[in-house]
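Here is how the chains run, residue by residue.
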Amino acid sequence: MKKEDIIDSILSLYNDLDGNTVEITDDVYKRKSPIYDPPLVGFGDAHDGLFDEYKKTAVIGPWHMSPEEWLPGAETVISVFFPFSEDVRRSNRSGDQPSFEWLYGRIEGQAYIAVFSGKLKELIENNGAAVCVPSIDARFRSFKRGEGLDGYSDARPDTYGSRWSERHAAYVCGLGTFGLSKGLITSRGIAGRFTSLIISDKITPDKRPYSGIYDYCLMCGACAKNCPAGAITIENGKDHILCEKWLNRTAEKYAPRYGCGKCQTGVPCENCIPVKGCTDSASSAG
Ligand code: SF4
Ligand code: SF4
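This one's a predicted model, so the numbers in the text were calculated from it and none came from an experiment. (Residues numbered from 1 in each chain as written. Chains lettered and ligands numbered in written order. Predicted model: local features only at pLDDT ≥ 70, side-chain atom pairs only at ≥ 80, totals over all residues. Heavy atoms only, no water.)

Caption draft 1: Region of interest: the environment of glycine 19. Considering the arrangement of structural elements, one finds glycine 19 in the loop between α1 (3-16) and β1 (21-26). Take glycine 19: its relative accessible area is 42%, and that puts it in the partly exposed class. Here the alpha-carbon distance between glycine 19 and valine 115, two residues 96 residues apart in the chain, equals 9.1 Å. Not counting the four nearest positions on each side in its chain, glycine 19 is found in contact with Ile35 and Tyr112. (Helix = DSSP H or I, 4+ residues; strand = E, 2+ residues; numbered from the N terminus. Buried < 20%, exposed > 50% of the residue type's maximum accessible area, 1.4 Å probe, protein only. Contact = heavy atoms within 4.5 Å.)

Right, dumping it as structure tokens:
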């Protein structure tokens, strides 16, 4: 498929697929809002040297699979970012507890993305390409505190990661750079979720408009200030163990959902690239 046709298919699927809705209560009135605004799409070369870099323990680790390992004959990686809507972001800007809309977006929103990814895979396959979606592939695993990484001598007890990092794939595809909170700051900000597809069609990669991994981050520390777990510092970045403990507490309180996102809302990078100057109200929120 051509790049333009894939982008058109993604936007059509976004418009047509059910499940991208959350119920909002404004005072006493209830109304429906989208969980996500229309997605951003980026294309990367499956042979990009960064995928070899990611296998280094100092970056991610050897357990991170390359596009070729996911899909023999891989040529292109497509990264898709779903920005949380204004309603979802605004609901989570105050207090130290996650809003209902944020929890719903985190869990039901992720289920929507999984269905979206499966449908997109089918559509591209029907046009003749082989496709792998790592996040819904049976080989996908995520790791906490080094558990499940026994075969890797370099894995430490504070190792958190997975066999495929959506944020790192998005970085390759030109969608954005990392922030202090370890999220990826895109042109629609940091608050949102990703999926990606690895395909056998060769498509011209997008040019990355950055060279450093933190180019879009102000290092302002607003995410650290917002973090109810004290898991982020300017000096050391994010402590995944402290973050996980806080998320576990939200899981006990809000089961079957969990989430937090205070480092992604009410911060200058919430829905824009702060180093380029933001005009939206969220840029000055919180
Ligand atoms: S809040 Fe500030 S320091 Fe934290 S990721 Fe955003 S721009 Fe970077
Ligand atoms: S998700 Fe919450 S606990 Fe984890 S780093 Fe962000 S603000 Fe802190």
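Caption draft 2: A look at the sheet that holds strand β5 (residues 131-132). Taken in spatial order, the 4 strands of this open sheet run β3-β4-β10-β5, and their pairing is antiparallel. Two strands bound the open sheet, and with one partner strand each, they are β3 (40-45) and β5. In this structure, strand β4 (residues 76-83) lies alongside strand β10 (residues 192-199), joined through 8 bridges in antiparallel fashion. Each residue of the ladder has a partner; that of phenylalanine 82, found in β10, is arginine 193. In the packing of α1 onto the sheet, the strands contacted are β3, β4 and β10, and the crossing angle to β3 comes to about 145°. Along the sheet face, helix α5 (residues 100-126) touches β4, β5 and β10 and points at about 20° away from the line of β10. (Pairing = 2+ DSSP bridges. Axes fitted to C-alpha atoms, helices over the stretch in contact; angles between N-to-C directions.)

Caption draft 3: Region of interest: the site of ligand 1. The environment of ligand 1 is formed by 14 residues, the closest being Cys217, Leu218, Cys220, Cys223 and Cys269. In this structure, ligand 1 is accommodated by the largest cavity. When its residues are assigned to classes, the shell around ligand 1 shows 11 nonpolar, 3 polar and no charged. (Near = heavy atom within 4 Å. 1 Å grid on protein atoms, 1.4 Å probe; cavity = no way out; pocket = protein on both sides within 12 Å on 5 of 7 lines; lining within 4 Å. Sits in = over half its atoms within 2 Å of the grid points. Nonpolar A, V, L, I, M, F, W, Y, C, P; charged D, E, K, R; others polar.)

Caption draft 4: Inspection of the nonpolar core at higher detail. Core analysis: the biggest nonpolar cluster contains 41 residues, and Val77, Trp164, Ile185, Ile198 and Ile232 have the highest contact counts within it. If you list the elements that add at least two residues to this core, you get β4, α6 (166-172), β9 (184-186), β10 and α7 (222-226). With near-sequence residues (within four places) excluded, isoleucine 198 lies in contact with Pro67, Trp70, Leu71, Ala74, Thr76, Val77, Ala130, Val131, Cys132, Pro134 and Trp164. Formed by 29 residues, the second largest nonpolar core is a distinct cluster that contains Leu17, Ile24, Phe84 and Ile203. (Core = buried A, V, L, I, M, F, W, Y, C linked by side-chain atoms within 4.5 Å.)

Caption draft 5: Region of the structure containing the packing of α1 against α5. One can describe the packing of α1 onto α5 by two numbers: an axis separation of 11 Å at closest approach and a directional angle of 135°. The pairing of α1 with α5 is recorded here as oblique in orientation. You can see that α1 and α5 cross each other, and the crossing is right-handed. Counting all contacts with α1, which are made through Ser9, Ile10, Leu13 and Tyr14, the residues of α5 involved are Tyr112, Phe116, Lys119, Leu120 and Leu123. Each residue belonging to the contact of α1 with α5 can be placed in one class, and the counts come to 7 nonpolar, 1 polar and 1 charged. (Parallel < 35°, antiparallel > 145°, perpendicular 65-115°, else oblique. Left-handed = near helix turned anticlockwise from the far one by under 90°.)

Caption draft 6: Representation of a nonpolar patch on the surface within the structure. Together, Ile213, Tyr214 and Met219 make up a nonpolar patch on the protein surface, roughly 250 Å² of accessible area in all. Checked against the element boundaries, isoleucine 213 lands in the loop between β10 and α7. Since its relative accessible area comes to 45%, isoleucine 213 is described here as partly exposed. (Patch = residues over 30% accessible without salt bridge, like charges linked within 9 Å, V, L, I, M, F, W, Y side chains within 5 Å. Areas by Shrake-Rupley, 256 points an atom, 1.4 Å probe, with all protein chains shown as cover. Salt bridge = Lys/Arg side-chain N within 4 Å of Asp/Glu carboxyl O.)

Caption draft 7: Focus on empty space enclosed by the protein. Inspection of every chain in the model, using the stated rule, returns 1 cavity of 30 Å³ or more. Lining of the largest cavity is provided by 15 residues; of these, Ile185, Cys217, Cys220, Cys223 and Cys269 occupy positions nearest its centre. A breakdown of the residues in the lining of the largest cavity according to their chemical character gives 12 nonpolar, 3 polar and no charged. (Points joined across faces, edges and corners; volume = space filled by probe spheres on them.)

Caption draft 8: Here's a closer look at the site of ligand 2. Taken together, Cys227, Pro228, Ala229, Ile232, Lys238, Cys243, Trp246, Cys260, Gly261, Lys262 and Cys263 make up the full set of residues adjacent to ligand 2. Residues belonging to the shell around ligand 2 are distributed by class as follows: 8 nonpolar, 1 polar and 2 charged.

Caption draft 9: Local environment of the environment of serine 187. Take serine 187: it is sitting in the loop between β9 and β10. We classify serine 187 as partly exposed; its relative accessible area is 45%. Separated by 62 residues in the primary sequence, serine 187 and glutamate 125 place their C-alpha atoms 29 Å from one another. Leaving out residues up to four positions away in the same chain, serine 187 has contacts with Leu40, Leu175, Asn271, Cys272 and Ile273.

The values are spatial; any link to function lies outside them.
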